[in-house]
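# Descriptive structure summary
Take a look at the letters that make up each chain.
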Amino acid sequence: MNRKEYMERLQMDLEAVDEQTAKEILQDFTDHFEQGLSEGRSEEEISEELGDPAELISELNTRPHRQAQAESQTQIDALSMVSIEAESADITLKQGTGNDVLVDFYDSRNPLRVHNYRLETVQENDVYAIRVIRLQNSWLRAGAGEHLRLDVTLPSASLDVKISSMSGDIRVPEILHCGKFAASVQSGDIDIRALDAEAVQFTSASGDIHAAVRGELIEAVSISGDLDLTQAHGKLGKFRTTSGDLDIQGCFQAVLAESKSGDLDLAIEAAESLKLDTISGDIHLTLPHTTGFVCSFTTISGDLRPHIHLPLERRSRQLSAGDGHAQIAVKTISGDLKISD
């Protein structure tokens, strides 16, 4: 069967499928022919590889367009961590009131797209692993037009959570209580509305991070994405970007923050120790008007601009206010430092 004959048969078999889905499937098959021809295969060889159009469409119509999994209470009792890996799906994490892990994987626009992937859930010792695995032999065009969603509902118990995604976003739309929480993305964003954990770690290459979070240790690292942590509460905060801006608002005993060219904007309460470093990025530090501090400022061409109501004592690149409770060390190459209350 040549290409023209194959596509005509396929179009006939798609008459019962909605127009938009049929259009996407026809484009997928067209792409397969184009790719096969560019690799030196004949139209007949490609047709044989793809298989009978009627059987393919029949299989798609009988296979579920959502993949779901629920784990029983007996196995959940032995867990300490839930691990989630999804290459391109947007991940939404919620906390349930029961003892089950509920998983739902689907495409919000084209249900057929889930057939490019396999949802795998497995308990490995005390870790419940959820993986969305891209299939290598699917004829549907992976990536194009996909709007994949992976919704995970955690049990009420405070388990450790580890999430990894390439291009998908990670969302926590409502309060989540857990043990240790780690989320890593490449180009997707991380959006956390309310997280209460023992320790928190966010990692992003180019995606932005927005989070309201509480934990003993809070770490966030990004290359070009912005870090925006509002209502952040912890003992130690460690934040680093390369070119992304950093905006931190909250309560910490100690903060380590650095960026090469991104600006640092911090409003910190209860601070005892702050260490802030940039190369060309400016730094704006806001402290409560009653907080005394000693600030050492090391720079080549940056300026120090205090806007403090407490009595100030300035010696070269050192600034003291009030009782000197908070110890602040700032280094820049050309970035300015502004301290205000």
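Right above here is the structure, for reference.
Read on for an overview of the structure. (Residues numbered from 1 in each chain as written. Predicted model: local features only at pLDDT ≥ 70, side-chain atom pairs only at ≥ 80, totals over all residues. Heavy atoms only, no water.)

### Focus: the overall build of the protein chain
What the protein chain contains, in helices and strands, is five helices and 26 strands. Its C-alpha atoms give the protein chain a radius of gyration of 27 Å, clearly above 20 Å, the size a compact globule of 341 residues would have. Dimensions of the protein chain, computed from C-alpha atoms along their principal axes, come out at roughly 85 × 50 × 30 Å. When each of the 341 residues of the protein chain is scored for burial, the buried share is 43%. A distance of 6 Å separates the average location of the 31 positive side-chain charges in the protein chain from that of its 58 negative side-chain charges. (Helix = DSSP H or I, 4+ residues; strand = E, 2+ residues; numbered from the N terminus. Rg over C-alpha atoms; globule rule 2.2 N^0.38 Å. Buried < 20%, exposed > 50% of the residue type's maximum accessible area, 1.4 Å probe, protein only. Lys, Arg positive; Asp, Glu negative; His and termini not counted. Charge placed at Lys NZ, Arg CZ, Asp CG, Glu CD.)

### As for the nonpolar core
Core analysis: the largest hydrophobic core is formed by 71 residues, its most contacted members being L150, F181, F202 and F239. Once residues within four sequence positions are removed from consideration, F181 is found in contact with L93, V161, I163, V172, L176, I192, L195, A197, A199, V200, Q201 and F202. (Core = buried A, V, L, I, M, F, W, Y, C linked by side-chain atoms within 4.5 Å. Contact = heavy atoms within 4.5 Å.)

### Concerning the packing of aromatic side chains
The geometry of an aromatic ring pair is captured by the separation of the ring centres together with the interplanar angle, meaning the angle of the planes. This structure, assessed with the given rule, holds five aromatic pairs. Measuring from centroid to centroid gives 5.7 Å for Y6 and F33, while their planes differ by 65°, and the two rings are edge-to-face. Linking Y6 in helix 1 (residues 3-13) with F33 in helix 2 (residues 19-38), this pair joins segments that are 27 residues apart in sequence. Each member of the aromatic cluster is reached from another via a ring pair, and the members are Y6, F29 and F33. (Phe/Tyr/Trp six-rings, centres within 6.5 Å; stacked < 30°, edge-to-face > 60°.)

### Topic: the state of the cysteines
Enumeration over the complete set of coordinates arrives at zero disulfides. Left unpaired, C251 is separated from the closest cysteine sulfur, that of C295, by 19 Å. You can call C251 partly exposed: its relative accessible area is 24%. (Disulfide = S-S within 2.5 Å.)

### Here we look at the pairing of strand 20 (residues 283-286)
Across the two faces of strand 20 the burial differs, with I283 and L285 buried and H284 and T286 not buried at all. In the sheet, strand 18 (residues 264-269) pairs with strand 20 via four bridges, with the strands oriented parallel. Counted as the bridge partner of L264 is I283 from strand 20. Note that strand 20 and strand 26 (residues 337-340) share four bridges and pair parallel. The residue bridging T286 from the neighbouring strand is S340, located in strand 26. (Pairing = 2+ DSSP bridges.)

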